[in-house]
Amino acid sequence: MEPYNESINARRAISMNVDIIIQDVWVFQTATQSFIKKNVSIKDGKFHYISITEMAHLMPETIIKAENQYMIPGLIDAHMHIESSMTTPTIFSKAVLRHGVTTVVADAHEMANVFGLEGLEEFMKAETELDIFHAIPSSVPSTTPELETTGGIIGLAEVAELLKNPKIVCLGEAMNFKGIAYEPESLIRQIIDLCKKERPTMPLEGHCPKIYEEELAAFLYSGITSDHTHQFPESLKEKIEAGVFIQFQNKSITPENMQVIIENEFYEYASIITDDVMADDLLHGHLNENLKKAVKAGLPLEKAIYMTTYTPAKRMGFHDRGEIAPGRTADFILINDLEEFSFEAVYKSGKKVYEKGTGIDYPEVTEVFPAEYKKSVHCKLLTVADLVIKVATDKESVRCNVIQKQEVGTFTERITKEIPVKDGILQWQEADCALLIVMERYGKNGNISISLMDKPISEKGAIATTWAHDHHNVMVMGNALEDIVLAQNELITIQGGYIVVADGEITGKCPLPIGGILSQAPIEELGGDLQEVRASMQALGYKNMNEIMSFSTLSLPVSPAIKVTDRGMMNTKTQEFYPLIFPEDGVLLNEDTH
């Protein structure tokens, strides 16, 4: 047998050119979740030889003297929505690479809800430095066409087509709890079954907030094995022990939740994700900020790195990335100070794509969408007369179902209020309420629903948007009729986005001309517009940890506990609609409203 040292020397005698050698860098060792000083070679965009020994025999084109910098794998976001940043894939790619994110799994169900399969395919055409894999939008619409009107529908035929695409790596978040758990013949169950048949090893992603015990089992029996919704320590252990892979979004990264992971050593069964990052927040960070938040919440840094690199890669079947090892894609970050966790440089496939201090290098050409995508909002312009709520009753007041939002997260509750009626008109303003209106915008049926909210704002004004999850119809809320009309009319004029009005003046505007959900403006401009909207909402007294997401999910009929669609005000668990006025008290007389 050839002596070991002689064998090594013989191999070294064979010339080999590598592209880069990074010397004396503290490499994150995935297997032990620790840092070890090594030399790292890169060839053809992949990691090659990694060792504590010198590598001069590899004849590198470039030598980088790391001088005790730290090297971690590129961050992997296994569940997110590019549309939540209100930008397009090419611009998004440039924006997030600088934050160390090198791979994402995008669930573009917002695009699909507006434009269907065609819109999704347009979205997937983008050529980017960032590796963007895709989930099949499983819930377009999030419930059924009978409960909400969308521009597009993803059914079995569309899913079958998407399953042929190699960019598709999972089934996106399945949200229709009732259809999944209790209706074996529902469309969502048929979609799940088709995926299991055609791609039996493909992950099936879930959306199951506030579901426990036997109901949780009924949901998981379908084959779904993950959840990314708002987590709580009392149910987190139950979910993981039931086989659920947890994806921690920002609002779930709490000391209490992290303690559950630490105490039970559940590191293998969870990852950190973004889900949604607004355009103004994207200016400052992405998945890296959630990683840092997890560390502040008590998660050891090495475990946080593990849960933003290796566990998401393993979950999605990415065997070519997620760790610094021979043959893996050379996606990595160089860091001077682990405690500060700011990046000196980011590399994608062995090429530097960001260096500290540089701005966003926007592409010269971005996606070219069909012209009609910028003329997609079709509904009537409201007048003050449309907002007068007429009631047939012999009582001086009627009981109404009213939506109450929370100041943390996106959950809502149903309350009842006694509201005066004068001359057949509901006096909702006297009860500290605001109108919440959803208008179908795809030219299909002209539906208009009117609901009430309990003191969502404290000042006179209105907020309007087409970025209304997930159906993206026109949604406007306000406590002054003239302001509601102004906000809605301006929203139609700009063909979608966000409008805030305060006492007769437009104080915030964020145009989203592509389908009412996207912009191709630079992130600095888009983020600035959104910051103006956010500040204007705060000035009206709208309170939430994320005002934009809170308002935009008032229309999401799969999020607890009461939300609105163009069909009306819905119990999101039973999928039954609440009447605005209790039937025994009176009857709503407005035509064409629900």
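Our structure is the block above this text.
Residues numbered from 1 in each chain as written. Predicted model: local features only at pLDDT ≥ 70, side-chain atom pairs only at ≥ 80, totals over all residues. Heavy atoms only, no water.

Looking at this structure, how should I read the sheet that holds strand β28 (residues 568–571)?
Through backbone hydrogen bonds, the strands of a sheet pair up, either in parallel or in antiparallel fashion. With antiparallel pairing, 3 strands are arranged side by side in an open sheet as β27-β28-β29. Edge strands, defined here as strands with exactly one partner in the open sheet, are β27 (562–565) and β29 (576–578). Direction aside, the axes of adjacent strands within the sheet are offset by 45° on average. With 4 bridges joining them, β27 and β28 adopt antiparallel strand pairing. Counted as the bridge partner of lysine 563 is methionine 570 from β28. (Pairing = 2+ DSSP bridges. Helix = DSSP H or I, 4+ residues; strand = E, 2+ residues; numbered from the N terminus. Axes fitted to C-alpha atoms, helices over the stretch in contact; angles between N-to-C directions.)

So what exactly am I meant to see when it comes to the sheet that holds strand β13 (residues 270–272) here?
With parallel pairing, 3 strands are arranged side by side in an open sheet as β11-β12-β13. Both edges of this open sheet fall to β11 (226–227) and β13, since each of them pairs with a single strand only. Bridge analysis of β11 against strand β12 (residues 245–248) gives 2 bridges, and the strand direction is parallel. Bridge pairing in β12 places aspartate 227 opposite isoleucine 246.

What is the right way to read the nonpolar core from this model?
Considering soluble globular proteins, one finds that nonpolar side chains tend to be buried as a cluster. By size, the foremost hydrophobic cluster in this structure holds 168 residues, and its most contacted members are Leu435, Ile437, Leu452 and Ile463. Per-element tally for this core: the top contributor is helix α3 (residues 109–124), with 8 residues. Counting residues in hydrophobic clusters, the runner-up holds 17 residues, among them Ile20, Ile64, Ala330 and Phe332. (Core = buried A, V, L, I, M, F, W, Y, C linked by side-chain atoms within 4.5 Å. Buried < 20%, exposed > 50% of the residue type's maximum accessible area, 1.4 Å probe, protein only.)

Would you mind going over the pairing of strand β16 (residues 351–355) with me for this structure?
As paired strands, strand β15 (residues 343–348) and β16 are joined by 4 bridges and run antiparallel to one another. For lysine 348, the partnering residue across the bridge sits in β16 and is lysine 351. Between β15 and β16, which follow one another and run antiparallel, lie 2 residues, and serine 349 among them has a positive phi close to 50°.

Where do I start with the side chain of glutamate 122 in this structure?
Its location among the elements puts glutamate 122 in helix α3. Overall, the relative accessible area of 15% leaves glutamate 122 in the buried class. In this structure the side chain of glutamate 122 is engaged in a polar contact, spanning 3.3 Å, whose partner is the side chain of lysine 125. Not counting the four nearest positions on each side in its chain, glutamate 122 is found in contact with Val368, Phe369, Pro370 and Tyr373. (Polar contact = N/O pair within 3.5 Å; in protein donor to acceptor, adjacent residues only side chain to side chain. Contact = heavy atoms within 4.5 Å.)

Please clarify how unusual backbone geometry should be interpreted in this entry.
What is expected of a backbone is that most residues other than glycine have negative phi and most peptide bonds are trans. In this structure, proline 141 follows valine 140 across a cis peptide bond, with omega equal to 5°. Here proline 141 lies in the loop between β8 (131–136) and α4 (156–162). At the junction of histidine 469 and aspartate 470, the peptide bond is cis and its omega measures out at -20° in the coordinates. Even without a glycine there, the phi angle at phenylalanine 341 is positive, about 55°. With respect to the secondary-structure elements, phenylalanine 341 resides in the loop between β14 (332–335) and β15. Phi is positive for glutamine 575, close to 60°, though the residue is something other than glycine. Looking at the secondary structure, you find glutamine 575 in the loop between β28 and β29. The buried category is assigned to glutamine 575, whose relative accessible area is 14%.

Which parts of the structure should I look at to understand the environment of glutamate 547?
By the secondary structure assignment, glutamate 547 is in helix α16 (residues 547–552). Considered as a pair, glutamate 547 and arginine 534 are 13 residues apart in the sequence and their alpha carbons are 6.6 Å apart. In contact with glutamate 547, not counting residues within four places along its chain, are Arg534, Met537, Gln538 and Tyr542. A distance of 2.8 Å separates polar atoms of two side chains, one belonging to glutamate 547 and the other to glutamine 538.

Got a minute to help me understand helix α14 (residues 481–493) in this structure?
In an α-helix, one turn spans 3.6 residues, which is why side chains three or four residues apart end up on the same side. Under the 1.5 Å per step criterion, the end-to-end length of α14 is 18 Å for 13 residues, consistent within 8% with the ideal 18 Å. For α14, every residue scored as buried is listed here: Leu481, Asp483, Ile484, Val485, Ala487, Gln488, Glu490, Leu491 and Ile492. If you follow the buried residues of α14, they end up packed against β21 (433–439), β23 (461–465), β24 (474–478), β25 (497–502) and β26 (505–511). Glutamine 495 occupies a position one or two residues after α14 and carries a positive phi of about 60°. (Expected span 1.5 Å × (residues − 1).)

What exactly am I supposed to notice about the side chain of threonine 150 here?
Tracing the sequence through the fold places threonine 150 in the loop between β8 and α4. The residues touching threonine 150, leaving out its near neighbours within four places in the chain, are Asn113, Pro141, Tyr442, Lys444 and His471.

Can you walk me through helix α15 (residues 523–540) in this structure?
Counted at 1.5 Å a residue, the expected span for α15 with its 18 residues is 26 Å, and the 25 Å between its end C-alpha atoms agrees. Within the span of α15, buried status applies to Ile523, Leu526, Gly527, Leu530, Val533, Arg534, Ser536, Met537 and Leu540. Against α2 (89–97), α10 (279–282), β23, β25, β26 and α16 lie the buried residues of α15. Looking one or two residues beyond α15, the residue adopting positive phi is glycine 541, at roughly 95°.

Sorry, what's going on with the pattern of salt bridges here?
Side-chain pairs of opposite charge can arise whenever the charged atoms involved come near each other. Here the structure, examined in full by the defined rule, presents 27 salt bridges. Where aspartate 280 meets arginine 534, a salt bridge forms, and the shortest distance between an N and an O atom there is 2.7 Å. Of this pair, aspartate 280 sits in helix α10 while arginine 534 sits in helix α15, and the two are 254 residues apart along the sequence. As far as burial versus exposure is concerned, aspartate 280 and arginine 534 are alike and both buried. (Salt bridge = Lys/Arg side-chain N within 4 Å of Asp/Glu carboxyl O.)

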